[in-house]
Amino acid sequence: MNQLLLSLALYLRTSKRYKKSKNFVSDLLNNSSNPYKKYVDITIIFLIVTSVFILIYEVKHPVPEWVDNYDIYFVSFVFSIEYILRLWVYNDLSEFVTEEYHESQFLQRKFEPWSVLKIGLVEKLKYMVTPAAIIDLLAIFPAYRPLRVLRIFVLFRVLKLLRYTKSINQFVEVISNKRFELLTLLFLLFFIVMTAGIAIYVLEERLNPNIEDLFDAVYWALITISTVGYGDISPVTPEGRTISMLIIVSGIAMISFATSVIVSAFSERLIELKENRIVEQVNKSRSFLIVCGYGQMTKMFFRQKKDALHNYIILDKSLERVETARKDGYDAIHEDASRFETLNKFNVEHAKITILCLTASDVENIYITLNAKSISRKIKVIARVNDISIISKFEYAGADHLLMPNRVVNTMVHTAITQPTMYKAVHAILTGKSLAHIDEVHIHEFHSLVGKSIKEIDFKGSKLLFIGIQREGKFMFNPSTSEHIKSYDILLVMGRHISINYFNTLYAGDI
Amino acid sequence: MFAKNILLFGYGNHGKFIAQGLAKDGFSVKVVESNQEYYRQAQEDGFQDAVHMDVTKDDALKALNPQDYVKLVCVMDDEHLNVFLTLSLHSLFNESYILSISDSMHTTKKLKMAGATKVIDLYEVSANRIHNILKRPVATKLLEGFVLERDGIGFKEMIITEDSFLVGMTTDEIDFSPYGVLLVGMIDEELGHAFVFITAGINHNLDCDDTIVCIGPRDKLEAFSEEIKKRERSI
């Protein structure tokens, strides 16, 4: 038996397919940055909403049988699959068994998988008794439905929505941060209600026809202290009325106390919640920009945007600058981009991220570059370098592009003096103010230009100046007209926007 | 070399590199600095005739005879001083060509109002580069190499002399390929003083005194600029 268990565990541990599918399911259910998660969420939410709608509709109208079947069998089936999957990905039992096996081999003791398996199962059980898992489980059972009272259990399906709505989770989180205050308040409430309930029971049980037992008395106390006051039970003796007055006053005090606790909890966390929302929003897009630092350069960058930027987020260490950015109408959060946790919050796995390090400090920019590259090499980094002498450090850190404002400006001044006409041309191209642009045409594998020689391509007809080809990292200036275009070449051309677009529509596309 | 003398105000972050670059290209640069330390640095770097003075004083500025220089370049580290200096120079020497650099977008406007002939805005250029990098990374990197590096491929402007074989030809007629360079654009004096890119699609008539800008390997550009001075093309 042990042997069978071991070989099964070892098989699962080594099977790449098993691991891959488990990771996929886990990611799909739990990782909010997974692009497909939203489809799963939408499906589940749809099932919940229809199920609750059927419950309400059924109260007054007969429903066709297929609707009932859908509600009882299909929805429950999907929910039970989901429940089982969540339980499955919660931990890995095969890991426990194989580890125990390796340990026993190492220590040369008897291999006993059952004890560790028990630990693993206890962990799973612990998951099963978490509120979320209990709700999931209760939401499955359709068997409750024939009994009218138990039909209300369908509402557990509504509670299931909690899992899929971020704001409720945040609400719960905020409230749980004020656990201590709220528990004190609850205890106090319990104490007053019980005392007042017992007092009224003792004083009026015989005189008041509405109070028959202690439950009535406690019910009256709670209705009174909450200032709801239905009026179905009311005190009839002066002593009873005195107690009413006292608990009404304490009720008002308690309600205002509870309100203030909750409000303060929210105002403390409001900024954080807002920032989380911004991060979540940007994480949903497939490619986005993270701009570090809101200084002159960033301001200018945003001011120049020709087509509105949507997918971006500004990070700054200084609260003051973050405030300025927000006032200017940009999405900014108060975070230090050089911290691992900050950048790790973003959807590094699934999105194309470009980081702009635009702070005024070189040290900071290098640090952010390293931080980004250590999280994922896929992140593209464009860094600003102020001190030209440390360019090599940025290159070591792995920055993809360097911005050297000082060097560029110095060159421009130099050119403006030595070659004023050329300056006009270069300045126009660099600032994008002219009609002419230098642009690149990427030749993909199935591009219609692959295999053609340069003389076959009519650059002049599209009013373009062909400058050269970038091939395998090397630039060939003005290659001979017999040169053939290969896949993955990048053609460098100069011309007006419309010419470049025309050229692209003329030649792009598959063979 | 009267045509190649420059009066450079400021030997700080930018001035230092600009002065050295210009000197390398054969310009005679006179450095003016109000900061003692920068002034000493300028002298150490070989600008012996550097002047240490208070640039806010009009008399001192007049004594420099800025009208004798082709260009006045204001690159003081202190941006307030830079604007003030530009204004003083413009009011004193209305005719002079004043080139200033700006460290912030607000300063650019002030410098223009103060009368600078040309303002180079550090942030404008850089911010544009970011847009360019995001949109066309390869082209930007290459273009920068063309502009920044002293060897390899670059741009060069050339003035067409009276005896050049190019005079009287149109841009479409000339075959640039044997020279290994490409014509990027030109200033056609007939059409005013604006720069026209060759890709604008107009066939230009080349005349004496027109300026053309070419791109190509540096050595070929040099050879070509010598070539166009000749009456007959050799290739």
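Residues numbered from 1 in each chain as written. Chains lettered and ligands numbered in written order. Predicted model: local features only at pLDDT ≥ 70, side-chain atom pairs only at ≥ 80, totals over all residues.

A. The overall build of chain B, seen in detail. Scanning chain B for helices and strands turns up eight helices and ten strands. Counting across all 235 residues of chain B, residues that qualify as buried make up 44%. Across chain B, contacts joining residues at least 24 apart in sequence account for 57% of those joining residues at least 6 apart. (Helix = DSSP H or I, 4+ residues; strand = E, 2+ residues; numbered from the N terminus. Buried ≥ 20, exposed ≤ 12 C-beta atoms within 10 Å, placed from the backbone. Contact = placed C-beta atoms within 7 Å.)

B. Highlighting unusual backbone geometry. All names here are of chain A. Although it is not a glycine, Thr227 adopts a positive phi angle of roughly 60°. Judged by the 12 C-beta atoms lying within 10 Å of it, Thr227 is exposed. The phi angle at Tyr488 is positive, at roughly 70°, despite the residue not being glycine. Within the secondary structure layout, Tyr488 lies in the loop between strand E9 (474-477) and strand E10 (490-496). With 13 C-beta atoms counted inside 10 Å, the residue Tyr488 sits in the partly exposed group.

C. The arrangement of the interface of chain A and chain B in detail. Each partner contributes to the interface: chain A provides 53 residues, whereas chain B provides 57 residues. When residues of the side of chain A that touches chain B are assigned to their parent elements, the largest contribution, 13 residues, is made by helix H18 (residues 405-418) of chain A. The residue makeup of the side of chain A that touches chain B, split by class, is 29 nonpolar, 18 polar and six charged. (Nonpolar A, V, L, I, M, F, W, Y, C, P; charged D, E, K, R; others polar.)

D. Up close: the environment of Thr171 of chain B. Within the secondary structure layout, Thr171 of chain B lies in the loop between strand E7 (153-159) and strand E8 (182-187). Assessed through the 19 C-beta atoms surrounding it within 10 Å, Thr171 of chain B is described here as partly exposed.

E. Spotlight on the confidence of the model for chain B. Residue and element names in this part refer to chain B. Summary statistics for chain B give a mean pLDDT of 84 and a share of 96% for residues scoring 70 or more. Looking over chain B, one finds the lowest element-wise mean pLDDT in strand E9 (residues 195-197), namely 77, and the highest in helix H2 (residues 36-44), namely 91. Across the predicted assembly, pTM comes out at 0.67 and ipTM at 0.81. (pLDDT = per-residue confidence, 0-100.)

F. Summary view of the packing of helix H11 (residues 214-225) of chain A against helix H12 (residues 238-283) of chain A. All names here are of chain A. Close contact between H11 and H12 brings their axes to 8 Å; oriented N to C, the two are set at 50°. With respect to each other, H11 and H12 are oriented oblique. In this structure, H11 contributes Ala221, Thr224 and Ile225 to the contact, and H12 contributes Ser244, Ile247, Ile248, Ser250 and Gly251. (Axes fitted to C-alpha atoms, helices over the stretch in contact; angles between N-to-C directions. Parallel < 35°, antiparallel > 145°, perpendicular 65-115°, else oblique.)

G. Seen up close, the sheet that holds strand E5 (residues 380-384) of chain A. Residue and element names in this part refer to chain A. The six strands lie next to each other as E3-E2-E1-E4-E5-E6, forming an open sheet whose pairing is parallel. Unpaired on one side and paired on the other, strand E3 (332-334) and strand E6 (401-403) mark the two borders of the sheet. Direction aside, neighbouring strands of the sheet carry axes that sit 20° apart on average. Both strand E1 (residues 287-292) and strand E4 (residues 352-357) contribute to a ladder of six bridges, which runs parallel. When the bridges of E4 are listed, Ser287 appears paired with Lys352. (Pairing = 2+ DSSP bridges.)

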